[in-house]
Amino acid sequence: MSNSEVELIADLRHLLNRGQAAEALRRFDLADLPQPLTNDALLMRANILRALGDQAAVPLYFEAVLRDPGCVAARLGLGVMARLRGDRRAARTFFRVASIVAPNDIWPLVELAVEHREVGEFDEARAAALKAAELAPQAVAPRLQLGLLARARGNDTDALEQLQAAVAFAPEDLGARLELAQECRRTGQLGAYEEHLQAARRIAPTHPMPVLQLGLLARQRGDRNTAMALLRAAVEADPYDPWARLELAREHRHLDETGTAVRTLRDGLIYQPRNVLMRLELARFLRLSGELAEAEALLSAILLEQPEYAEARFELVVLLADRGEAEEAQARLAGVLKLQPDHLWACVIQSQLASRTGNADAAEAWLRRAAEAHPLAPEPLLSLAELTWRGGRPDESAALLMRLDSLVPADPRPWLIRGTQAMEAEAPAEAAAHFLAALDRNSTSVAARAGLVAARLAEGELDPASILAGASAIVSEEAPDVLIAHAHALRQLGWWREALELVSAALQRGAFPKQLVPMVVRLRLMLEGPEAAAEALQAYRPATAEQRAEEALLRGLIAAEAEALDDAAAHYAKGLALNPHHTSLHQEAARTALLRLDLVAARKHLLAVAEQGRSARRRTGRSSNISQSLAGQLLDELALDTVLATHLRELRSLPAAKRLAPVAALVLANPDNTGPAMQLLLANREVGSAAVALPTTKSPFEKVRLPQGHGPSMASGTLCRASGDPFQTGSKDSIPRRICQYWDTADPPADVQVLMASWREHNPNFSIEYFDDRTAHSFLLKHCPLTVAQAFLRCREPAMRSDLFRLVWLAQRGGLYVDADDRCLAPVEGLLSSSGSVLLYVEDFATIGNNLLGAMPGHPVFCTALAWAVEAIHRGDRDLVWLCTGPGLLTRVIAKLLAEGTLGPDVTILPRHRVHPFVAMHCRTSYKARRLHWMDRSGTHPISTGHPVHP
């Protein structure tokens, strides 16, 4: 070997020691070295490639071994490269052979200690490290391994002492200093951690690793600007170095700047086009951003070069699972587990695959196997905490999260899980505290920021102005979850059009199509109907199984709104095959199954929803019995009369026009059963016919009816502010231009008063009449038979009194009744001008909603409904309020009149999307967060809480 080659190799070795592997490779490539390379030059090039994580080093090491079977450095290099590609078994083999070839060399023993330690074989690791220390008492590497072994065993005190001893023995050893810094970080000594990193930076000023670690420290402290600057400095110190570039890309990904993360890795591959670690990470980021085809091509290329590369094989398994190819994923996963039976991520993804197929026991077993094999890894415990919560074991989930706290005190993920669980358990204040704790650990956590928006909304702490201000501050960020949280908050508060404008504007800028399109679809379905929603859905390009499940949900919602129930059911089934734990899919599948009279399927989906929410219900004291839900009570009502249910199910096979008459006969024979009424209204809408002629018969509740143009003025009361002549508005057969609202007390909550005020704001030409319990009762005493006022006093809930009073007011006065939690979005003249004498709309379960009702005075629809409601109350019916006096009752009345042929063409029944441009329904309010809503008081909840028309 020439003197120039000796000098070159010495310089290259010096660059490697300083962490400048990329510069070493550049100089090596520029050197005019004789061919074939000498053994020393061959080993140097292989060592440089190894430092860069490039598997191109492997053939060079094999060539060195062929030239000199006793070359320990080459065998060690082969072991390190096997380790880098995840082949632990091959790595141990190479190191053992090296220790046999050179029994007095400490480095094979040191590397063996590393391998044994990392697979949990602690006794073997200690034996190898002690033997190395015996061979070279002055060497720092064996001491370092003993410290790392103590760390792996969880003995922080011993680990710290061993590493401090190693640094004291060799204070200028960069590796020992960096490991001591890491131990200080692990034990929460961030000041000492930074001190040792700064010392390492003084030892090797141009080495990127101390700069990189300082950047990660800044990230941990929440100083994202400093973190980013240091990581960029580490990359600039050595553009060829993959480690700093990988962390810089991960930082961008951590901030949801996936596009920038991808570009960072692509730039790195310009310097190192064969670097496996960067290619693998790029494939992972592409998968996470939904670019599955390119990700698969990258992984296939890696595996073509290195068929046994476990990490690439595993990443391909994850990709296949994301794409919904479960069988192929299982087959490839078996290959990974054959090489490494306890591979951490292989066990985790095996659990996920088992969970997707509904095998909860197998899913849990795989996670516990991973946790046992990798006691310091948080991922299995995080997944177990979520799995046990979903399985109805909240105490066990809490214990796992406490264990995670001690294991990874700086990790925000346990706090995110706690926050999510608290939201499910309807404890928004607790959830907000948990999300704030997550932000303390990661100040830019997108999930924590989005969760905090939801929690504060549930607490009643957000108003539209603050939401819009918050949204405008993040529209330029790559943080779709936070933007969606703001849009969702606007939607729940009744600012539907503003929510649509917010996400549409982001989409027009080309931002986050996979995340925002579903929100646009839901909002357009609410405001514009199924055709507009289907148009919006064309922009959706789902890639993963979860995204395709979401697409199936959206298609199902669109089909259901268009009353294509069979199509909707097929879409929901497709979605659940991709994601069997999707709660909204089960909710909507249950609702559609009820309408299709598939009672078995409805029960199955309701049970799935109840199972997934068991932990939350335990915390809130609610029953998990499906009969305690609205859908469950409708199911029970149908299931109790098997003959009727069977007959209705048989009739569903007929075209709508042919089943109208027989279903009408069933309605007349079963006037107290909501099931036949729902089916008659469904069939009537499918036919698309107008209501049949209304004969001139006396009202069934004529005693309540007042003559047109006559009647005493309203009694004054705290919230009674009627104006003008209430009996001289509108034409003879039109809906009077007045609005009625009711709240049980004289002082509604502030947010409810804001909603109520929106009706006066948008309808200045309408008179507004407000009632509370006292003024409503006075009205009844003055204008109705005593039995009506007595029924009002017998109502067990404010919601039932409200139901009864609106029927009285509409029968007596006429006008537009609206619930206090509905926001007016536009003047309702546009809604009333095209309606007849009665205005109704269709809500969930094909029933008639009663939160927005319009009528001329004395109309038979409301006289009949009032008669039935009074009778049910005096009879002591204990049905759910919804069934007894609410939409269920109104649906039965409309169906009976339709079946009798007495429902005239003056009755207008609109689809929801025709009403939503004027009225935002069921807005979130503070009293609902305090469980004062009628569903909370009665212990029931509607199963369709995930439906887009209920923000």
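By the naming in an unreviewed UniProt entry, the protein goes by Tetratricopeptide repeat protein and is assigned to Siccirubricoccus deserti.

Caption draft 1: Geometry of the overall build of the protein. The secondary structure content of the protein amounts to 52 helices and eight strands. Viewed in the frame of its principal axes, the protein has a C-alpha envelope of about 115 × 55 × 45 Å. In the protein, buried positions account for 59% of the 951 residues. A separation of at least 24 residues holds for 65% of the contacts in the protein among residues at least 6 apart in sequence. Averaged over its 104 positive side-chain charges, the protein has a centre that lies 3 Å from the centre of its 114 negative ones.

Caption draft 2: Summary view of the pairing of strand β5 (residues 838-841). Side chains Val 838 and Leu 840 project from β5 onto one buried face, and the interleaved Leu 839 and Tyr 841 project onto a second face that is buried too. Both β5 and strand β6 (residues 852-855) contribute to a ladder of two bridges, which runs antiparallel. The residue bridging Val 838 from the neighbouring strand is Ala 855, located in β6. Inspection of the sheet shows β5 paired to strand β7 (residues 907-910) by four bridges, in the parallel sense. Along β7, the bridge assignment pairs Val 838 with Val 907.

Caption draft 3: Quick look at the confidence of the model for the protein. Here the protein averages 84 in pLDDT, and 90% of its residues register 70 or above. Within the model, the stretch residues 689-731 combines pLDDT values under 50 with 77 contacts to residues more than four positions away or in other chains.

Caption draft 4: Inspection of helix α35 (residues 583-595) at higher detail. With 13 residues, α35 extends 19 Å from end C-alpha to end C-alpha; this agrees with the ideal 18 Å at 1.5 Å per step. Where burial is concerned, most of α35 is hidden: 12 out of the 13 residues are buried. Of the residues making up α35, those classed as buried are Ser 584, Leu 585, His 586, Gln 587, Glu 588, Ala 589, Ala 590, Arg 591, Thr 592, Ala 593, Leu 594 and Leu 595. Where α35 is buried, its residues touch α33 (545-561), α34 (565-578), α36 (599-612), α38 (630-640) and α41 (674-687). Where α35 ends, the next residue or the one after it, Leu 597, has phi of about 65 degrees, a positive value.

Caption draft 5: Fine view of the sheet that holds β5. The strand order across the open sheet built from six strands is β2-β1-β3-β6-β5-β7, with neighbouring strands paired in mixed fashion. Looking at which strands have only one partner, the edges of the open sheet turn out to be β2 (767-771) and β7. Strand-to-strand twist of the sheet, defined as the mean angle between neighbouring strand axes without regard to direction, takes the value 20 degrees. Docked against the sheet, helix α43 (residues 773-783) engages β1 (738-742) and β2, running at close to 105 degrees with respect to β2.

Caption draft 6: Main features of the pattern of salt bridges. Enumeration according to the criterion identifies 47 salt bridges in this entry. Its salt-bridge partner being Arg 83, residue Glu 115 comes within 2.5 Å of it at the nearest N-O pair. One end of the pair, Glu 115, is in helix α7 (residues 106-118); the other, Arg 83, is in helix α5 (residues 72-84), with 32 residues separating them in the sequence. Like Glu 115, the residue Arg 83 is buried in the burial classification.

Caption draft 7: Inspection of empty space enclosed by the protein at higher detail. Scanning the entire structure with this criterion turns up one cavity of 30 Å³ or more. In this structure, the largest cavity occupies an estimated 30 Å³ of space. Here the lining of the largest cavity takes three residues from helix α45 (residues 798-812), the largest share from any one element. Taken together, the residues of the lining of the largest cavity sort by class into three nonpolar, three polar and two charged.

Caption draft 8: Expanded view of the environment of Leu 793. Turning to its location among the elements, Leu 793 is positioned in helix α44 (residues 786-794). Relative accessible area serves as the criterion here: at 60%, Leu 793 is assigned to the exposed category. C-alpha separation for the pair Leu 793 and Ala 283, spaced 510 residues apart in sequence, amounts to 67 Å.

Caption draft 9: How the structure looks around the nonpolar core. Ranked by internal contacts, the top residues of the largest apolar core, which has 87 residues, are Leu 594, Leu 680, Leu 780, Leu 804, Phe 805, Leu 840 and Phe 862. Top element by residues in this core is helix α47 (residues 860-875). It accounts for 11 residues. Among all residues touching Leu 594, those that are not within four sequence positions of it are Leu 599, Ala 602, Ala 631, Leu 634, Leu 635, Leu 638, Gln 679 and Phe 845. One finds Leu 282, Leu 316, Leu 320 and Leu 353 within the second-largest nonpolar core, a separate group that totals 57 residues.

Caption draft 10: Seen up close, the packing of helix α15 (residues 242-254) against helix α16 (residues 258-271). For the pair α15 and α16, interaxial distance at closest approach is 7 Å and the crossing angle is 165 degrees. With respect to α16, the axis of α15 lies roughly antiparallel. Our pair here, α15 against α16, has a crossing hand that is left-handed. On the side of α15, the interface is formed by Arg 245, Leu 246, Leu 248, Ala 249, His 252 and Arg 253, while α16 contributes Thr 258, Thr 260, Ala 261, Thr 264, Leu 265, Asp 267, Gly 268 and Tyr 271. Taken together, the residues of the contact of α15 with α16 sort by class into six nonpolar, five polar and three charged.

Caption draft 11: Geometry of the packing of aromatic side chains. All chains considered together, the criterion is met by six aromatic pairs. Here the aromatic rings of Phe 779 and Phe 805 are separated by 5.6 Å at their centres, their planes lie at 75 degrees, and the arrangement is edge-to-face. Taken together, the residues span a long stretch of sequence, with Phe 779 in helix α43 and Phe 805 in helix α45 at a distance of 26 residues. By the burial criterion, Phe 779 is buried, and Phe 805 matches it. Over the ring of Phe 169 we find Arg 143, and its NZ or CZ is 4.3 Å from the ring centre. For Arg 418, the ring lying beneath its charged end belongs to Trp 415, and the centroid distance is 4.4 Å.

Caption draft 12: Fine view of the packing of helix α2 (residues 21-30) against helix α3 (residues 39-51). One can describe the packing of α2 onto α3 by two numbers: an axis separation of 9 Å at closest approach and a directional angle of 145 degrees. α3 is crossed by α2, and the crossing has left-handed handedness. In contact with Ala 21, Ala 24, Leu 25, Phe 28 and Asp 29 of α2, α3 contributes Ala 41, Met 44, Arg 45, Ile 48, Leu 49 and Ala 51. Class assignment for the residues of the contact of α2 with α3 results in nine nonpolar, no polar and two charged.

About the cut-offs
Residue positions are given per chain, counting from 1 as you read along its sequence in written order. Whole-chain, interface and lining totals are the exception, using all residues; otherwise, since this is a predicted model, local features are given only for residues with pLDDT of at least 70 and side-chain atom pairs are given and counted only at 80 or more. Side-chain measures were taken over the full set of non-hydrogen atoms in the model, leaving aside hydrogen atoms and water. The numbering of helices and of strands both runs from the N terminus, where a helix is a DSSP run of H or I of at least 4 residues and a strand a run of E of at least 2. Summary of the burial criterion: residues with accessible area below 20% of their type's maximum are buried, those above 50% are exposed, and those between are partly exposed, where the area comes from a 1.4 Å probe applied to protein chains only. The contact definition used throughout considers only heavy atoms, calling two residues in contact when any of these lie within 4.5 Å. As used throughout, the charge tally considers Lys and Arg to be positive and Asp and Glu to be negative, leaving His and the chain termini uncounted. The location of each charge is read from NZ of Lys, CZ of Arg, CG of Asp or CD of Glu. If DSSP finds at least two bridges between two strands, the strands pair. Every residue is assigned a pLDDT by the predictor, reflecting its confidence on a scale from 0 to 100. Multiplying one less than the number of residues by 1.5 Å gives the expected span of a helix. Comment: axis = line fitted to C-alpha atoms, over the contacting stretch for helices; angle = value between 0 and 180 degrees taken between N-to-C directions. Salt bridge, as applied in this entry: a Lys or Arg side-chain nitrogen positioned within 4 Å of an Asp or Glu carboxyl oxygen. Using only the protein atoms, space was sampled on a 1 Å grid; points where a 1.4 Å probe fits but cannot get out form cavities, open sets with protein on both sides within 12 Å along at least five of seven lines form pockets, and lining residues are those with an atom within 4 Å of a point. Grid points are joined across faces, edges and corners, and a volume is the space filled by probe spheres set on the points. Each residue is assigned to one class: nonpolar for Ala, Val, Leu, Ile, Met, Phe, Trp, Tyr, Cys and Pro, charged for Asp, Glu, Lys and Arg, and polar for all the others, Gly among them. Side-chain atoms within 4.5 Å are what join buried Ala, Val, Leu, Ile, Met, Phe, Trp, Tyr and Cys residues into a set we call a nonpolar core. Working rule for angles: under 35 degrees goes down as roughly parallel, over 145 as roughly antiparallel, 65 to 115 as roughly perpendicular, anything else as oblique. Crossings are sorted by hand: turned counterclockwise from the far helix by less than a right angle, the near helix makes the crossing left-handed, and turned clockwise it makes it right-handed. Ring geometry is summarised as follows: Phe, Tyr and Trp rings, the Trp one being its six-membered ring, pair when their centres sit within 6.5 Å, and such pairs are stacked at plane angles under 30 degrees, edge-to-face over 60 and tilted between the two. A ring is considered to have a charge above it if a Lys NZ or an Arg CZ atom is located within 6 Å of its centre and within 35 degrees of its normal.

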